[in-house]
Amino acid sequence: MRMLELTQEISIANRPTRGDATRRKIVDTAIREFKAVGVEKASIANIARQAGVSRPTFYFHFADKKQLLFELQHRLEEPIVVLIEDCEDFSSTLAAVVRGLAKARKSVGNHQLFSDMLLLYTKNTQDVPMDDQPLLRALEKRFIAAKNRGELREGLSPINATLLYLSSLYGYLIGQGRLASDRECAAALRMISSLFCE
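Cut-offs and rules
Residues numbered from 1 in each chain as written. Predicted model: local features only at pLDDT ≥ 70, side-chain atom pairs only at ≥ 80, totals over all residues. Heavy atoms only, no water. Helix = DSSP H or I, 4+ residues; strand = E, 2+ residues; numbered from the N terminus. Contact = heavy atoms within 4.5 Å. Areas by Shrake-Rupley, 256 points an atom, 1.4 Å probe, with all protein chains shown as cover. Expected span 1.5 Å × (residues − 1). Buried < 20%, exposed > 50% of the residue type's maximum accessible area, 1.4 Å probe, protein only. Core = buried A, V, L, I, M, F, W, Y, C linked by side-chain atoms within 4.5 Å. Patch = residues over 30% accessible without salt bridge, like charges linked within 9 Å, V, L, I, M, F, W, Y side chains within 5 Å. Salt bridge = Lys/Arg side-chain N within 4 Å of Asp/Glu carboxyl O.

A word on the overall build of the protein. When its secondary structure is counted, the protein shows 10 helices and 0 strands. Going from the N terminus to the C terminus, the protein shows its helices and strands as α-α-α-α-α-α-α-α-α-α. Summarising the internal contacts of the protein: among those between residues at least 6 apart in sequence, 67% fall at separations of at least 24. Just so you have it, the protein exposes about 11500 Å², and 54% of that area is on carbon and sulfur atoms.

Here is the structure:
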């Protein structure tokens, strides 16, 4: 009995596996394919072949292109979450979100691909578990804190305002922002953010 108790206390550290490397290779290859031919025309067979994996290996890691795009979205959101962690007030939090989205847009390197990723994400948000929406989770906490400090515009529910805020930013980036310059895009995102501050 004592041995069983001891083994239950041991935790095994996560370490990178060959599967992690394969998953990363598939994602990197998919980004290149999406940039080259667009999300709609990209084929899983082509992505798998260019990544040097079989189609069953692709499907082991991703159920479909949609899940692959969710993975990309998640990767783009995590640095934004890190940016907002150090913010002391609501307005600096929203400014960090704007900077993070601008950086994410540039890192994708293709405004149409970035727009397509956001569009797929917004269409299917209800299918994505909350744990796979790091930015939404982090912002929700910030909006609640802002409400408690009197920084959130009067009359807004923090939960609803969080969803409205992200939807507004993503809606702009999917629509007009897709064609806007980086400077115009950042200005519009700042203006949207200002609507939520007291």
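After that view, the rundown keeps rolling.
So, on to the environment of valine 39. With respect to the element layout, valine 39 can be found in the loop between α2 (18-37) and α3 (44-51). Between the alpha carbons of valine 39 and lysine 66 there is a distance of 9.5 Å; along the sequence they are 27 residues apart. With residues up to four places along the chain from it excluded, the contact list for valine 39 reads Phe34, Lys65, Leu69, Leu113 and Asp116.

What follows is about helix α6 (residues 90-108). Between its first and last C-alpha, α6 extends 27 Å over 19 residues, near the 27 Å set by a 1.5 Å rise per residue. All of the buried residues in α6 are Phe90, Thr93, Leu94, Ala96, Val97, Val98, Gly100, Leu101, Ala104, Arg105 and Val108. Where α6 ends, the next residue or the one after it, glycine 109, has phi of about 80°, a positive value.

Along its 16 residues, helix α8 (residues 134-149) runs 23 Å from first to last C-alpha, staying within 8% of the 22 Å computed at 1.5 Å per residue. Burial in α8 covers these residues: Pro134, Leu135, Leu136, Ala138, Leu139, Arg142, Phe143 and Ala146. Elements that come into contact with the buried residues of α8 comprise α5 (65-85), α6 and α9 (158-174). Following α8 by one or two positions, glycine 150 has its phi on the positive side, about 80°.

Here we take up the nonpolar core. Counting residues in each nonpolar core, the largest one holds 58 residues, and the members touching the most others are Phe34, Leu68, Leu101, Phe143, Tyr165, Tyr170 and Leu173. For this core, the elements supplying multiple residues, two or more each, are α2, α3, α5, α6, α7 (111-123), α8, α9 and α10 (182-194). Excluding anything up to four places from it in sequence, tyrosine 170 contacts Gln73, Glu77, Leu101, Leu118, Tyr121, Thr122 and Leu135.

Now for a nonpolar patch on the surface. On the surface, Ile144, Ile159 and Leu163 cluster together into a nonpolar patch covering about 220 Å² of accessible area. Positionally, isoleucine 144 belongs in helix α8. For isoleucine 144, a relative accessible area of 35% gives the class partly exposed.

In short, shape yes, function no, at least from these values alone.
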